[in-house]
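# Architecture at a glance
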Amino acid sequence: MSDLVLVTDEGTVRIVRMNRPEKKNALTMAMYDAMADAIETAGNSGVRCLLIAGQPAAFCAGNDIGDFLAAAGAGGALGQPILRFLYALARCEIPLVAAVCGNAIGVGTTMLMHCDHVVAANDARFATPFVSLGLVPEAASSLIAPRLMGPARAFSLLVMGHPLTAHEAKAAGILNTVVAPDAVEAEAMKAAAEIAALPPQAVAASRRLMRGAPDEIVARIDAEAVEFKARLQSAEAQAAFMAFMTRKR
Ligand code: COA
């Protein structure tokens, strides 16, 4: 297990914490694998609720753009650990809670669309700049976001790349609760403990009824990955990655 992701069990709640603060929790392949591992093994570990968290100033800055650049040079496929993590989210049978402070960019926002309960800081920011990076939405967000918030708001978020404030994200159906930054973790833990205390089989059955089979979500993850691979190799994307990696601040 990499220390870039910290996994701790508190009773029957498993906390999966992204831990790369110096890079604002931009996700590397090792981090995707570690997160997938924590989700996949939860069912056999007596875990009744998973809590995904980041750092006080950064939930997640999305995929590491240096990794995107490297992937583009190596034929452009979305790394297997990314797909493994996305499948783990889609197929997870245990409720997922998230605690969001700071920026949630790219997959930092789209992973929330797989969660059952999301708590965010009032200064959190949600953005999916896929298209301005020459890419397409991922994590089945092209399917889930229009259902969640309607096609017009989904287009603004996913294609135009307009960020959402915490209150806007709540109105769009991504979040449950907006609290002060220093209250996020406690509030999310409270929700996770409440869910973990419910009869687990009734929770699982209710969740299955509400979500349906994961096949449609998994198929959309795969369809997006095909487009993503083509886009990663595009001149548009490579120019955008290079611009980020060499930007002057
Ligand atoms: N990939 C690689 N490195 C990243 C990163 C990413 N997605 N996001 C942040 N970093 C790095 C920065 O390059 C910087 O590295 P350095 O200190 O070695 O120069 C460090 O993390 C801190 O980032 P910085 O931009 O200085 O922090 P900030 O608080 O000013 O801004 C963000 C935070 C998240 C708004 C900004 O970093 C950003 O826009 N990142 C890119 C997000 C993105 O487009 N993700 C892909 C989505 S598909």
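Structure shown above.
These numbers were taken from a predicted model, which means no experiment stands behind them. Along each chain, numbering runs from 1 in the same order as the chain's sequence is written. Since the coordinates come from a predicted model, pLDDT governs what is reported: local features require at least 70, and pairs of side-chain atoms require 80 or more to be given and counted, while whole-chain, interface and lining totals use all residues. Heavy atoms throughout the structure, all of them, feed into the side-chain values; hydrogens and water do not.

On to the pattern of salt bridges, then. By definition, a salt bridge exists where a carboxyl oxygen of Asp or Glu is found within 4 Å of a side-chain nitrogen of Lys or Arg. Using the criterion set out here, one finds ten salt bridges in the structure. Note that aspartate 116 is salt-bridged to arginine 211, the shortest N-O span being 3.0 Å. You can see aspartate 116 sitting in the loop between helix 4 (107-110) and strand 7 (117-121) and its partner arginine 211 sitting in helix 9 (residues 200-211), a full 95 residues away along the chain. By relative accessible area, aspartate 116 is classed as partly exposed at 32%. Its relative accessible area of 32% is what places arginine 211 among the partly exposed residues. For glutamate 236, the salt bridge goes to arginine 231, with nearest N and O atoms at 2.2 Å. Exposure is judged per residue with a 1.4 Å probe applied to protein chains only, and the accessible area is read against the type maximum: over 50% gives exposed, under 20% gives buried, and values in between give partly exposed. For arginine 231, a relative accessible area of 23% translates into the label partly exposed. Runs of H or I in DSSP of at least four residues are treated as helices and runs of E of at least two as strands, each being numbered from the N terminus.

Let's shift gears to the sheet that holds strand 2 (residues 13-18). Strand pairing follows a simple DSSP-based rule, namely that at least 2 bridges must link the two strands. Strand order in this open sheet of six strands is 1-2-3-5-7-10, and the pairing throughout is mixed. Two strands bound the open sheet, and with one partner strand each, they are strand 1 (5-10) and strand 10 (177-179). Between one strand axis and the next, the sheet turns by 15° as a mean value, whatever way the strands run. Two strands pair when backbone bridges link them, and strand 1 and strand 2 are joined in this way by six bridges, in the antiparallel orientation. Within strand 2, the residue paired with aspartate 9 across the bridge is arginine 14. Here, two residues are considered to be in contact whenever any of their heavy atoms come within 4.5 Å of each other. Working convention: axes come from line fits to C-alpha atoms, limited for helices to the stretch in contact. Angles between N-to-C directions cover 0 to 180 degrees. Each of strand 1, strand 2 and strand 3 (49-53) touches helix 1 (residues 29-40); the most contacted strand, strand 2, lies at about 175° to it.

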